[in-house]
Amino acid sequence: MLQKKLIQSLNNVPFKKNYYIFFLIISSIFFTFYYGFIGIFPIDSFLIYDAGYKLFNGYHPFRDYWSITGPILDYIQFVFFKLFGINWFSYVLHAATLNLFITLIFFYFFIQLGIKTGYSFLYSISASILAYPSVGTPFVDHHAVIFSIASGIFLFLAFLKDKPVFWFLVPVFLFASFLSKQIPSAYLLLLFLLFILIFWIFFKTKNYKFFVYLISGSILSLFIFFLFILINKIPLHSFFIQYIFYPLEIGKDRSLSINYNFNNVFSQFKFIYFSMIPLIFVLLRLTKNKLNLEMRKDYFLLIFTLLMISIFILGQIFTKNQILIFFLIPFLIGVSHFFCNKYFNKKSILIFLVSILIISTIKFHLRFNENKKFMELNNVDLNLAVKAENFDKSLKGLKWITPNNISPAEEIENLIEIKEIILSDKTKKIIITDYQIFPSILKLRNIAPNKWFDSMSVPSRDNKYFNTYKNFFIESLRSQKIKTLFILNDKERYLKNIFDNDCYIKENINKNLSKITIEKCIN
């Protein structure tokens, strides 16, 4: 049987850890780069690219452009652009770096649990295939989950080994997750605080030292955050409105519209649940026994792990995006391996775990990497992709194809035509579009006052923060002395409530592009 042979091989592989790390580095970077250069979903694929370009030109989130997503991706991308130039390579390198980060964190975690190096390598290489390659370019949800699971891993290790560095890193990565996206870190914070309190009461009765390291990590994170706020002169009230208060309003509306049916809650996460089954069996076994101190801590860690993964699932349901948390399967497999070895020590369980790992890795690799389902390209013939460098040299290597109902070659031709039209306009202008690659390609020094335009990012007229948004938007245009807006496709509807219809002049240039003169609207 294939699984038995694989297990025997993993038990006897003579490689040193450095060799395993080398192959994990290659795998993490290769898979992200390969799939990061195939296909795009414009509103998502170009979002952080444009945000990094905004920072490159001295514009900051919350101060200069409305942003309801985490600023940490914008700043990281800015650094990559500074180091490697404004191009698709440095963009994908950002994603590949995060993929490498979480892969090596997983490997380190499994080694710390005492899992043999061969198994640790197998579980980690699965994560390198399933984590970032599904999207291939920086994405707020991926960063948020990666930083959150890293924080959870360090808290698990802190509970298990009680080393100062683990306690210190927990708040650092949880805060990084929060600054990527508000969830799942906000939910995890409550869980972490509860379990830290339980741990202190039941396992650290007279020892307060670990609090020092937790607080130190928290203070460092907050210090860096407020330093950025002060240096970049970002109004704190703008941060709270855009990143906390307004998103809370969105969250209320979204939670009411979630359909908690069988498929949404169970079926689509079945392989994650399968990976949790061994942990539940260990938990049940411990429940039947009289527990010594070590067993009580294991019981504590099992419940912590199961609840933490449940929060990731809940967060995934709330986001209503394509599923990205399948890379938590190798994490669960590794934790199951650790506990099952301790309490069952049966090869049949390892065979089951490795089988789940192999099947899920192949399944989700094909679905999300090969067929690009996360990017809504699963019903598109990827062989029709064309060279994106025909549009601009900064996109060299990217194979251009989108889910839009148009051939890639025709789409590129249309975008080149639009580029030439906008270039010929000599007024101060901004572009409102899902193709947020335009500002960098055209080397524009002015920016749209919103990070992106859709029904979630732009407050509706009846939202209590609409007037705040409207004033922010108009003031940004006024301070930049913008006279012209170029609108691609159907984005004009996001201006309807901001400007009076009689104050601007609209010109339909072609079927894809409109030009709006707004000089009267902002004077």
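As for a nonpolar patch on the surface
On the surface, Tyr19, Phe22, Phe23, Ile26, Phe30 and Tyr34 cluster together into a nonpolar patch covering about 640 Å² of accessible area. Accessibility expressed as a relative area gives 45% for isoleucine 26, which makes it partly exposed.

Comments concerning the packing of aromatic side chains
Enumeration over the complete set of coordinates arrives at 80 aromatic pairs. On the basis of an interplanar angle of 70° and a centroid distance of 5.1 Å, the ring pair of tyrosine 49 and phenylalanine 81 is categorised as edge-to-face. Taken together, the positions of tyrosine 49 in helix 4 (residues 47-56) and phenylalanine 81 in helix 5 (residues 72-84) put the pair 32 residues apart, joining distant regions of the chain. Of the residues examined, tyrosine 49 reaches a relative accessible area of 0% and is grouped as buried. For phenylalanine 81, a relative accessible area of 1% translates into the label buried. Members of the aromatic cluster, each reached through a chain of ring pairs, are Phe159, Trp167, Phe192, Phe195, Phe199, Trp200, Phe203, Tyr208, Phe210, Phe211, Phe300 and Phe304. In this arrangement the basic side chain of lysine 82 is found over the ring face of phenylalanine 56, its NZ or CZ atom lying 5.2 Å from the centre. Sitting over the ring of phenylalanine 203, lysine 297 keeps its end group 5.9 Å from the ring centre.

Some details on helix 2 (residues 17-36)
Look at helix 2: 28 Å from first C-alpha to last across 20 residues, which is about the 28 Å you get at 1.5 Å a residue. Among the residues of helix 2, Tyr20, Leu24, Ser27, Ser28, Phe31, Thr32, Phe33, Tyr35 and Gly36 are the ones counted as buried. Buried residues belonging to helix 2 abut helix 6 (88-112), helix 7 (117-130) and helix 17 (347-370).

Quick notes on the state of the cysteines
Linking two cysteines covalently through their sulfur atoms gives a disulfide. Taken as a whole and judged by the stated rule, the model has 1 disulfide. Here cysteine 503 pairs with cysteine 521 through a disulfide, and the sulfurs are 2.0 Å apart. The S-S bond linking cysteine 503 to cysteine 521 shows a torsion near 100°; that makes this disulfide right-handed. You can see cysteine 503 sitting in the loop between strand 4 (484-488) and strand 5 (505-508) and its partner cysteine 521 sitting in helix 21 (residues 519-522), a full 18 residues away along the chain. Each member of the pair, cysteine 503 as well as cysteine 521, carries the same accessibility label: buried.

A word on the layout of surface pockets
Left-over empty space is what a probe sized like a water molecule reveals as it rolls over the atoms. Put simply, the largest pocket is a space of about 1,000 Å³. Around the largest pocket sit 37 residues that line it, and Lys181, Arg254, Thr319, Asn321 and Met456 are the ones nearest its centre. When contributions to the lining of the largest pocket are tallied by element, the ones reaching two or more residues are helix 3 (42-45), helix 4, helix 8 (140-161), helix 10 (185-203), helix 12 (236-256) and helix 15 (293-319). Here the lining of the largest pocket gets 9 residues from one element, more than from any other, and that element is helix 12. In terms of residue class, the lining of the largest pocket is built from 22 nonpolar, 7 polar and 8 charged. Of the voids in this model, the second largest pocket is the one considered here, and its volume is about 460 Å³.

Remarks on the pattern of salt bridges
Summed over the entire model, instances satisfying the criterion amount to 14 salt bridges. Between aspartate 64 and arginine 63 there is a salt bridge; the shortest N-O distance is 2.7 Å. The closest approach of N and O atoms between glutamate 492 and lysine 496, which form a salt bridge, is 3.9 Å. By relative accessible area, glutamate 492 is classed as buried at 12%. The class for lysine 496 is partly exposed, based on a relative accessible area of 42%. By sharing partners, the salt bridges in this structure join Glu294, Asp298 and Lys342 into a single network.

Concerning unusual backbone geometry
With an omega of 15°, the peptide bond between isoleucine 183 and proline 184 qualifies as cis. Positive phi outside glycine occurs at glutamate 376, with the angle close to 60°. Looking at the element boundaries, glutamate 376 is found in the loop between helix 17 and strand 1 (386-387). With a phi close to 60°, lysine 481 is a non-glycine residue in the positive phi region. Looking at lysine 481, the relative accessible area reads 59%, which means it is exposed.

Observations regarding the pairing of strand 5
Two elements, strand 5 and strand 6 (residues 513-517), share 4 bridges in a ladder whose sense is antiparallel. Following the sheet pairing, asparagine 508 is matched in strand 6 by serine 514. Between strand 5 and strand 6, which pair antiparallel one after the other, the connecting turn spans 4 residues.

About the cut-offs
- Residues numbered from 1 in each chain as written.
- Predicted model: local features only at pLDDT ≥ 70, side-chain atom pairs only at ≥ 80, totals over all residues.
- Heavy atoms only, no water.
- Patch = residues over 30% accessible without salt bridge, like charges linked within 9 Å, V, L, I, M, F, W, Y side chains within 5 Å.
- Areas by Shrake-Rupley, 256 points an atom, 1.4 Å probe, with all protein chains shown as cover.
- Salt bridge = Lys/Arg side-chain N within 4 Å of Asp/Glu carboxyl O.
- Buried < 20%, exposed > 50% of the residue type's maximum accessible area, 1.4 Å probe, protein only.
- Phe/Tyr/Trp six-rings, centres within 6.5 Å; stacked < 30°, edge-to-face > 60°.
- Helix = DSSP H or I, 4+ residues; strand = E, 2+ residues; numbered from the N terminus.
- Lys NZ or Arg CZ within 6 Å of the ring centre and 35° of its normal.
- Expected span 1.5 Å × (residues − 1).
- Contact = heavy atoms within 4.5 Å.
- Disulfide = S-S within 2.5 Å.
- 1 Å grid on protein atoms, 1.4 Å probe; cavity = no way out; pocket = protein on both sides within 12 Å on 5 of 7 lines; lining within 4 Å.
- Points joined across faces, edges and corners; volume = space filled by probe spheres on them.
- Nonpolar A, V, L, I, M, F, W, Y, C, P; charged D, E, K, R; others polar.
- Pairing = 2+ DSSP bridges.

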